[in-house]
Amino acid sequence: MRALVVTAVAAEADSVTTGLTPHPDAFGPGPRTLPGGYPINRRDLPGIAFDVLVGGVGPAAAAAATATALALADYSLVVSAGIGGGFAPAAPPGSLVVADAIVAADLGAETPDGFLDVTELGFGHSVHLPPAELAARAAEATGALLAPVLTVSTVTGTAERAAELAARHPMAGAEAMEGFGVAEAAAAHGLPVLEVRAVSNAVGPRDRAAWRIGEALGALTDGFRVLGPVLANWGERHEHDHR
C-alpha cells in the first residue's frame, strides 16, 4: 500500500516524517521535488509506503499539489495532516483531532438570512467523508478527538467568527486551511481521504502568545508514530477497493 500525506509547510512535513522514521525498517529514497516545485519525501514501513508532500497553504494550493502528486504515482490513500486551531473545550492545544467529516466552512455565499454553503446554493458539495472505520481506528490509536474538521481560507481571529462557526458546525473539533482541497483532489482520483490535525491554538481571538506550535508539532509526530500500522492494516483489507 502507498499513501500520500499532504502538509502545508515544511515544519509539518518534518514532524510527520520524524514520526514515521522510528518504525522498524523505516527507510526510503532521499527527498525529491515534483513538477511545480513541491518537495516530497518517502518513508517505507512494513506493509505501507508514505510519501510526505509539502503542498502550500490554503485549499487551492493544497488541491493543486495533491492533484500533481496523484497524477504522477499510484496511491491507495490520501491524508491531509498538519496543525490547526481547536474548538474549546473539546480540542485543547496539544491534542489531536481526526476528521469524521472534512467541511468547506466558508465556501458559499453570505445572504441577509445568513450563510449558505455551496450545497445549499446548488453548486456542488461542501463535505467529504473519510472512511468511517479508518477514521475511528485512527482516532482510537492516537487518542484523538473524532470530529468534523473545518477548512477555511481565512483563519478565525475573533470571538464573533468563532461563535458563528460553532453555531453552524456545533460538533466541529478543529479548523485548518487545506483539508477540503486535499479531499477534492483525492475524490477526483477516486481515493479515500483522512485528515489529522494537531491543535496549536484555540479557535477564537488571535493571540500569538497563547500559540503552542512546538507542542502541536510534537503531537503530530507522536500521532504518526502509531498511525503507520493502523493505516497499513486498513490498507491490507481495503486496498483492492481502490485499484
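Thresholds applied
- Residues numbered from 1 in each chain as written.
- Predicted model: local features only at pLDDT ≥ 70, side-chain atom pairs only at ≥ 80, totals over all residues.
- Heavy atoms only, no water.
- Core = buried A, V, L, I, M, F, W, Y, C linked by side-chain atoms within 4.5 Å.
- Buried < 20%, exposed > 50% of the residue type's maximum accessible area, 1.4 Å probe, protein only.
- Helix = DSSP H or I, 4+ residues; strand = E, 2+ residues; numbered from the N terminus.
- Phe/Tyr/Trp six-rings, centres within 6.5 Å; stacked < 30°, edge-to-face > 60°.
- Lys NZ or Arg CZ within 6 Å of the ring centre and 35° of its normal.
- Contact = heavy atoms within 4.5 Å.
- 1 Å grid on protein atoms, 1.4 Å probe; cavity = no way out; pocket = protein on both sides within 12 Å on 5 of 7 lines; lining within 4 Å.
- Points joined across faces, edges and corners; volume = space filled by probe spheres on them.
- Nonpolar A, V, L, I, M, F, W, Y, C, P; charged D, E, K, R; others polar.

Student: Can you walk me through the nonpolar core in this structure?
Tutor: Among soluble globular proteins, nonpolar side chains are generally buried collectively. Val79, Leu194 and Phe224 are the most contacted members of the largest nonpolar core, which has 34 residues in total. For this core, the secondary-structure elements that each account for two or more residues are strand S1 (2–7), helix H1 (10–20), strand S4 (48–54), strand S5 (77–86), strand S6 (96–104), helix H4 (132–142), strand S12 (193–202) and helix H7 (213–238). It is H7 that contributes the most residues to this core, nine residues altogether. In terms of nonpolar packing, the next biggest core, distinct from the first, is built from 27 residues, Leu4, Ala62, Ala99 and Phe180 among them.

Student: Help me out: how do you make sense of the packing of aromatic side chains in this one?
Tutor: Each pair of aromatic rings is reported with the distance of its centres and the angle of its planes. For the structure on display, the rule yields zero aromatic pairs. The ring of Phe115 is capped by Arg168, whose NZ or CZ atom sits 4.1 Å from the centre of that ring.

Student: What is the right way to look at the environment of Ala135 in this model?
Tutor: As for its placement among the helices and strands, Ala135 is situated in helix H4. Ala135 gets classed as buried once you look at its relative accessible area, which sits at 1%. Through-space distance from the C-alpha of Ala135 to that of Arg208 is 31 Å; in sequence the pair is 73 residues apart. What Ala135 contacts, discounting residues up to four positions off in sequence, is Val98, Ala99, Pro130, Leu146 and Leu194.

Student: Teacher, can you tell me more about the layout of surface pockets here?
Tutor: Over the atoms rolls a probe the size of a water molecule, and in doing so it shows where empty space is left. Its boundaries defined by the atoms lining it, the largest pocket holds a volume of some 510 Å³. If you trace the largest pocket, you find 27 residues lining it, with Ile83, Gly84, Val155, Ser200 and Asn201 closest to the centre. Going through the elements one at a time, H1, S5, strand S11 (174–176), S12 and H7 are the ones with two or more residues in the lining of the largest pocket. Considering each element in turn, the lining of the largest pocket owes the most residues, four residues, to S12. Considering only residue class, the lining of the largest pocket consists of 15 nonpolar, six polar and six charged.

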